[in-house]
Structure formats: structure tokens, C-alpha cells
Amino acid sequence: MRVLGIETSCDETGVAIYDSNLGLLGHRLYSQVKVHAEYGGVVPELASRDHVRKLLPLVNEVLAATNSATTDIDAIAFTNGPGLIGALMVGACFARSLAYAWNIPAVGVHHMEGHLLAPMLEDNPPSFPFVALLVSGGHTQLVDVRSIGEYQLLGESLDDAAGEAFDKAAKMLDLDYPGGPAIAKLAELGNPDRFKFPRPMVDRPGLEFSFSGLKTYTLNTVAEHKQENGLPDDQTCADIAFAFQEAVVQTIAIKCKRALEQTGYTTLVMAGGVSANKRLRELLTHNLAKIGASVFYARNEFCTDNGAMIAYAGCQRLLNNQQEPLGVTVRPRWDMTTLAPL
Ligand code: KG4
Ligand code: ZN
């Protein structure tokens, strides 16, 4: 089965073609980062309009790049939640209409299930069961994954998501949006011994996260060291970036270890934008090897939003005869644990 995947839940337009026999044939991504950069965050209406502009050209590009005729496509998978309602509506209406015109089935995909399954696109995919660490701009969750669609939430953030915390800390240091990669880059210049930021909620049992206290701590540290221009000097900014990132990744690593011990699993799959963080990958791989567990993640371009993960996840559901009725229903909020198992 050959599936066209379409992702428009936030600020990236992703399009891909996945073939159940041949694997991923091609993908294209258009990032709206420049559109939103001057506002320091995603402006929903601008995101929707940009998806309208980019979808058709990207679909044509992917078809051409993979030498696919429109008649080679057997089904369409699209993100129908969670995400920005306008952005989701653009992708869903586009995908559902195209499927109707081509007389093929369409399936709506849960964005986080797409992230969770993205490591399956790699040469050495993880096998079930595993603990998934989902760390994106909107989610920080630990999930017990028994098979596709069999998800049990083990713990999540009580306030900000990890990616959101990175983005907010970056703003405090006047770094570009999106903040995660910017903080990670600056942290490389930081002095590891200068500051030690608190590791939230590690002293109590459980698998919940909280990043809002760390955010306030970061803000206070920035304020304490600021100069006339409102910012600390360059080295201090780097030292703060290091301490902030270290606090986030160490906290996540402690909870991941706990989740593996609790479930008895020996595989951790990390997914979502923050799983592109080099320090987080290193730390998890190192710490979890000590308890005999292995860590899997997707290549960088498939950690952040993309069409390939949606084509893959949709294909699995289509192969199990799941598909969408003609009406378009998007779900800006959508609990992944309510999905039907395959
Ligand atoms: O999964 P994603 O592309 O979109 C959502 O579904 O939210 O995740 C985007 C988030 C942003 O908050 C961004 O700052 C963060 O992932 N991010 C990173 C890195 N790359 C992206 N955070 C830390 N380190 C990175 N290298
Ligand atoms: Zn995402």
C-alpha cells in the first residue's frame, strides 16, 4: 500500500509518501520558522494561511521526486489532532478532498502517535513493548506502549511541556525561536560548574514532570545578572543555557529510568522535537545502558514535525482497515490513550 502523508498541526507543512513494501519513498518539509520568528512564537492564523500556500506545491514535489503518478497513491493519511485548529483544518480539508477526488480512503492520524512511531522509519527499529518518552512543544509524557494503539499514560507534565520550557527560557536569553536548538547551541559554550539549577520533582515518587518552577528560577537568574541592555553578559547567558538544559535533561533521565524499572521493559523510545537534543540523547543512552536498557530515536528531521511519521502511522491503521468518513472532524485536544488498538 502506498500512502501520501500530510502534516499541518502547527508550523511545519510536511508531506511524504510511504510504501508498506518499499518503505519511505520521499518527503518534503516546509518550515514556517521565518514567518513566526518576529513574533517569538507561532501565530495560528499565519500558520493556517501558510499551509494553504504550501500544501499543493509540496504534494506535487513529492510525487515528482518519487516518480509517482497520482494513480499510484492508494490512500491518504493526515494529522487530525492534537494541534492548532485552523492549521489542522487546512490539512484535513485538503487531504479529505484529495482522497475524495482520487476515490481512495483517507485516515486521520494522532500527531503524537506519529511522533511515537517515527523511530520505526529507521534501519534498526525498536520492538514492542517499550516505554515512550514523548517530548515536544506541547507534550511531555511517558507512555507504556504494548503495541500500536495500546497506550497507557505513565506520567506527564503538570504544567509546561519540555519544548515549551526550552522556548520560554530561550526568550529570556533573547535567543531566536524555536528556542530548543538555540539553547542547545549556546549551552555548548557554557561553563558546567557555574550554576546548578533545581531538578523539579525528582525527590518524590511518580512519573510526573513540572517545568514551571525551573522557568521561574531561570528568569530570576537572568534578572540577577542582567546588565544595562537587560541581558547578562554573553558568557553568563551560555552558563545559564547550560544549567537550564542540564536541569531539564537530568530530570527527564531520572523519570525515564524510573518508568523502565516500573514496567520492567528494557527499551526506551524517545520522540518529538526535544528528542533531537544531543545532550538528552547522550545522557539517556549512557544512564540507561547501566540498567541494561537501550534507547531508540529517529534521525533529527523526523524528531520534529514531518509528513513521514504521519504517512507511516496512517499506513499501519489503513492496513488494519481503519479509515475516516467523508466529514472532516479535527481534534485540537485529543488523548492518545483513547485510540483504538490495531
Ligand atoms: O515535535 P515538535 O516539532 O512540535 C510539536 O509537536 O510541538 O517539537 C517542537 C519543540 C519546540 O519546543 C522546540 O524548541 C523543541 O521541540 N526542540 C528542541 C530541539 N529541537 C527542537 N528542544 C531541545 N533541543 C533541541 N535540539
Ligand atoms: Zn510535533
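Right, let's walk through the structure included here. Only a predicted model underlies this, so the values are computations on that prediction, with no experimental measurement involved.

### What about the overall build of the protein chain?
Moving on, step 1. The helix and strand inventory of the protein chain stands at 10 helices and 10 strands.
Moving on, step 2. Computed over its C-alpha atoms, the radius of gyration of the protein chain comes to 20 Å, within 12% of the 20 Å expected for a compact globule of 342 residues.
Moving on, step 3. Classification of the 342 residues of the protein chain by burial places 54% in the buried group.
Moving on, step 4. A sequence separation of at least 24 residues applies to 72% of the contacts in the protein chain between residues at least 6 apart.
Moving on, step 5. For the protein chain, the accessible area works out to roughly 14700 Å², and carbon and sulfur atoms hold 50% of it.
Moving on, step 6. The distance from the centre of the 28 positive side-chain charges to the centre of the 38 negative ones in the protein chain is 2 Å.

### A closer look at the sheet that holds strand β4 (residues 75-81)
To summarise the sheet geometry, strands pair through backbone hydrogen bonds and adopt either a parallel or an antiparallel arrangement.
Moving on, step 1. Spatially, the 5 strands line up as an open sheet ordered β3-β2-β1-β4-β5, and their pairing is mixed. The sheet is open, and its two edges are formed by β3 (23-31) and β5 (106-110), each paired on a single side. The average undirected angle you get between the axes of adjacent strands in this sheet is 20°.
Moving on, step 2. Here 5 bridges tie β4 to β5, and the two strands are oriented parallel to one another. The residue of β5 that forms the bridge with T79 is V109.
Moving on, step 3. Sheet strands in contact with helix α2 (residues 44-65) are β1 (2-7), β2 (12-19) and β3, and its direction is about 25° off that of β2.

### Thoughts on the site of ligand 1
Moving on, step 1. Around ligand 1, the surrounding shell holds 19 residues, and the nearest of these are G137, D167, G180, G273 and N277.
Moving on, step 2. With respect to ligand 1, the backbone of G137 contributes an N or O atom lying 2.8 Å from an oxygen atom.
Moving on, step 3. Within the contact set of ligand 1, an oxygen atom lies 3.1 Å away from a backbone nitrogen or oxygen of D305.
Moving on, step 4. Starting from 550 Å² of accessible surface for ligand 1 in isolation, the protein chains cover 88%.

### Some words on a nonpolar patch on the surface
Moving on, step 1. A contiguous nonpolar patch, built from I85, M89 and V328 and spanning about 230 Å² of accessible area, is present on the exposed surface.
Moving on, step 2. Looking at the element boundaries, M89 is found in helix α3 (residues 85-102).

### Some points on the coordination of the zinc ion (ligand 2)
Moving on, step 1. The protein atoms that coordinate the zinc ion (ligand 2) are H111 (NE2), H115 (NE2) and D305 (OD), at distances spanning 2.0 Å.
Moving on, step 2. Counting gaps between the donor residues of the zinc ion (ligand 2) yields the pattern H-x3-H-x189-D. With a gap of 194 residues between them, H111 in helix α4 (residues 111-117) and D305 in the loop between β10 (294-297) and α10 (307-319) connect regions that are remote in the sequence. Grouping residues by exposure puts H111 and D305 together as buried.

### Let's talk about the environment of A169
Moving on, step 1. Positionally, A169 belongs in helix α5 (residues 162-172).
Moving on, step 2. The buried category is assigned to A169, whose relative accessible area is 2%.
Moving on, step 3. Separated by 78 residues in sequence, A169 and A247 place their C-alpha atoms 12 Å apart.

### Regarding the packing of α5 against helix α7 (residues 212-224)
Moving on, step 1. Two elements in contact, α5 and α7, have axes whose closest approach is 10 Å; the angle formed by their N-to-C orientations is 10°. Between α5 and α7, the interaxial angle falls into the category roughly parallel. Across from K168, A169 and M172 in α5, the residues of α7 making contact are K215, T218, L219 and V222.
Moving on, step 2. In terms of residue class, the contact of α5 with α7 is made up of 4 nonpolar, 1 polar and 2 charged.

### Observations concerning the nonpolar core
Moving on, step 1. In terms of nonpolar packing, the biggest core is built from 47 residues, with L133, L142, F244, I252, L268, L280 and L284 touching the most fellow members.
Moving on, step 2. The set of elements that each furnish at least two residues to this core consists of β6 (130-135), α5, α6 (179-187), α7, α8 (234-263), β9 (267-271) and α9 (278-289).
Moving on, step 3. Of all the elements, α8 adds the most residues to this core, at 15 residues.
Moving on, step 4. In contact with I252, not counting residues within four places along its chain, are L133, V135, A162, F209, F211 and L280.
Moving on, step 5. Ranked by size, the runner-up nonpolar core spans 37 residues in total, among them A75, V109, L134 and W334.

### Let's talk about α7
Moving on, step 1. With 13 residues, α7 extends 18 Å from end C-alpha to end C-alpha; this agrees with the ideal 18 Å at 1.5 Å per step.
Moving on, step 2. For α7, the complete set of buried residues consists of L214, T218, T221 and V222. The buried residues of α7 all sit within an arc of 100° when viewed along its axis, so they share a single face.
Moving on, step 3. Here the buried face of α7 lies against α5 and α8.

### A look at the side chain of T140
Moving on, step 1. As for its position among the elements, T140 is in strand β7 (residues 140-147).
Moving on, step 2. Side-chain polar atoms of T140 contact the backbone nitrogen of A162, separated by 2.7 Å.
Moving on, step 3. Discounting chain neighbours no more than four positions away, the residues touching T140 are L134, V135, G155, E156, S157, A161, A162, F209 and F211.

Each value, and the rule that gives it
Residues numbered from 1 in each chain as written. Chains lettered and ligands numbered in written order. Predicted model: local features only at pLDDT ≥ 70, side-chain atom pairs only at ≥ 80, totals over all residues. Heavy atoms only, no water. Helix = DSSP H or I, 4+ residues; strand = E, 2+ residues; numbered from the N terminus. Rg over C-alpha atoms; globule rule 2.2 N^0.38 Å. Buried < 20%, exposed > 50% of the residue type's maximum accessible area, 1.4 Å probe, protein only. Contact = heavy atoms within 4.5 Å. Areas by Shrake-Rupley, 256 points an atom, 1.4 Å probe, with all protein chains shown as cover. Lys, Arg positive; Asp, Glu negative; His and termini not counted. Charge placed at Lys NZ, Arg CZ, Asp CG, Glu CD. Pairing = 2+ DSSP bridges. Axes fitted to C-alpha atoms, helices over the stretch in contact; angles between N-to-C directions. Near = heavy atom within 4 Å. Polar contact = N/O pair within 3.5 Å; in protein donor to acceptor, adjacent residues only side chain to side chain. Patch = residues over 30% accessible without salt bridge, like charges linked within 9 Å, V, L, I, M, F, W, Y side chains within 5 Å. Salt bridge = Lys/Arg side-chain N within 4 Å of Asp/Glu carboxyl O. Donors = N, O, S within 2.8 Å, 3.2 Å for Na, K, Ca; no water. Parallel < 35°, antiparallel > 145°, perpendicular 65-115°, else oblique. Nonpolar A, V, L, I, M, F, W, Y, C, P; charged D, E, K, R; others polar. Core = buried A, V, L, I, M, F, W, Y, C linked by side-chain atoms within 4.5 Å. Expected span 1.5 Å × (residues − 1). Arc of directions from axis to C-beta.

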